[in-house]
Amino acid sequence: MTVIDTEILSAGSDRRGDLASGKAETVLSVEGLTVGTGRADLVIDVSLEVRAGETLCLVGESGCGKSLTCLAAMGLTSEPLIVRQGRISFLGQNLSSLSENQLADIRGRDMAMIFQDATAALNPVRRVGMQIAEVLVVHRGLSWRQAEKQAIELIASVGIPEPDLRAKAFPHQLSGGMCQRIMIAMALACRPKLLIADEATTALDVTTQAQILRLMRELQAETDAAMIFVTHDLGVVAEIADRVAVMYSGRVVETATVDELFENPLHPYTRGLMACRLHATTTSHGRIAAIEGTVPSPSRRPEGCSFRPRCSFAKDTCLTLPALAPVVGNHRAACHFAGDFA
């Protein structure tokens, strides 16, 4: 028996297109990405891809490498972080071959990122309307007058009332939910081909979170953008994802369509995450299940499978690092015993 909440799973089923044919254009491709410092590798051999109109969710505990993977994909890493190896391609173009100026032209115009803390990401001493307008001036060549008018239209499009007045506000004069909507408006100003949302709804109340998720789905449908959504909330995953990549200790340990993942998780770590949900089966003591232990420090990863010390299925075989390999169809897992769960 697997752990599954059918109500959560069905919540997003009506908005998922059929991408199984593979006809949609690959927007972002990450192959063998390793990012580290002088002491340790923080992201190890990560390979992902996301296609036009598709939402890929990156899932895992804090410290598993989700945000760093996205920053590297955007070319936003800096010392002491080093991209040791790997290839990142955007619409078929190798980003590592571009200069910083060329990357800056792509970022904001063709690739955009929504950060977790919008109030920290926005400039505190500039009015939010001017911050949106600047994107349009720099990347689309509009005059300031044209850009300011379009900024107000963008603020209205993300559901903020009285957009002309809100455009004149500073970030501290807006609620957290409004700041997040401003970030979304800014990210979508140039109708990018790729949108990366890093824990974009984590700090928001449930009502505001639902509104923003609905808004992002609607805007994605309009622009056919590819989206990478970083989250630890499996309820959000079930609602918004087409495919899911589960990360643990810097590596991708399972990839599948969202339906496959919820119906039959094949990696013990994924199964543990499923069991920790509020809607999942609780322990015999009436408490929510938990995964014992913590994510290991990158400089102190155990030999073999990094999840081995926390895994109830671990055996001597797990002292050898398992490869991320297909188990059922395109459902892949990095576990020696994944076939036992299939």
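In this report, we go over the structure that sits alongside the text. Predicted model only: the values in this text are computed from it and were never measured.

A word on the packing of helix α8 (residues 176–187) against helix α9 (residues 206–223)
When two helices pack together, you describe them by how their axes are tilted relative to each other and by the distance separating the axes. At a closest axis distance of 11 Å, the pairing of α8 and α9 adopts a crossing angle of 10 degrees. With respect to their mutual orientation, α8 and α9 come out roughly parallel. Across the interface between the two elements, G177, Q180, R181 and I184 of α8 pack against T208, Q211, I212, L215, M216 and L219 of α9. Each residue belonging to the contact of α8 with α9 can be placed in one class, and the counts come to 5 nonpolar, 4 polar and 1 charged.

Things to note about the packing of helix α5 (residues 128–140) against α8
Interaxial distance between α5 and α8 falls to 9 Å at its minimum, and their mutual angle equals 20 degrees. Relative to α8, the element α5 lies roughly parallel. As α5 packs across α8, the resulting crossing turns out to be right-handed. Seen from α5, the contacting residues are V128, Q131, I132 and V135; seen from α8, they are I182, A185 and M186.

Points about the packing of aromatic side chains
Tallied over the entire structure, the rule returns 4 aromatic pairs. Here the aromatic rings of Y248 and F307 are separated by 5.2 Å at their centres, their planes lie at 85 degrees, and the arrangement is edge-to-face. Of this pair, Y248 sits in strand β9 (residues 243–248) while F307 sits in the loop between α12 (268–275) and β11 (325–328), placing them 59 residues apart in sequence. With respect to burial, Y248 and F307 carry one shared label: buried.

Quick word on the pattern of salt bridges
A side chain with one charge may pair with a side chain of the opposite charge, provided their charged atoms come close. Considering all chains together, one arrives at 8 salt bridges under this definition. Note that E134 and R126 form a salt bridge whose closest N and O atoms lie 2.8 Å from each other. By relative accessible area, E134 is classed as partly exposed at 35%. Assessed through its relative accessible area of 25%, R126 is described here as partly exposed. Across the pair E239 and R217 runs a salt bridge, and its minimum N-O distance is 2.9 Å. In this pair, E239 sits in helix α10 (residues 234–240) while R217 sits in helix α9, placing the two residues 22 residues apart along the sequence. Residue classification places R217 among the buried positions, given a relative accessible area of 19%. If you follow the salt bridges from partner to partner, you end up with R51, E54 and R243 in one network.

Rules used throughout
- Residues numbered from 1 in each chain as written.
- Predicted model: local features only at pLDDT ≥ 70, side-chain atom pairs only at ≥ 80, totals over all residues.
- Heavy atoms only, no water.
- Axes fitted to C-alpha atoms, helices over the stretch in contact; angles between N-to-C directions.
- Helix = DSSP H or I, 4+ residues; strand = E, 2+ residues; numbered from the N terminus.
- Parallel < 35°, antiparallel > 145°, perpendicular 65-115°, else oblique.
- Contact = heavy atoms within 4.5 Å.
- Nonpolar A, V, L, I, M, F, W, Y, C, P; charged D, E, K, R; others polar.
- Left-handed = near helix turned anticlockwise from the far one by under 90°.
- Phe/Tyr/Trp six-rings, centres within 6.5 Å; stacked < 30°, edge-to-face > 60°.
- Buried < 20%, exposed > 50% of the residue type's maximum accessible area, 1.4 Å probe, protein only.
- Salt bridge = Lys/Arg side-chain N within 4 Å of Asp/Glu carboxyl O.

All quantities given are derived from atomic positions and should not be read as evidence of function.
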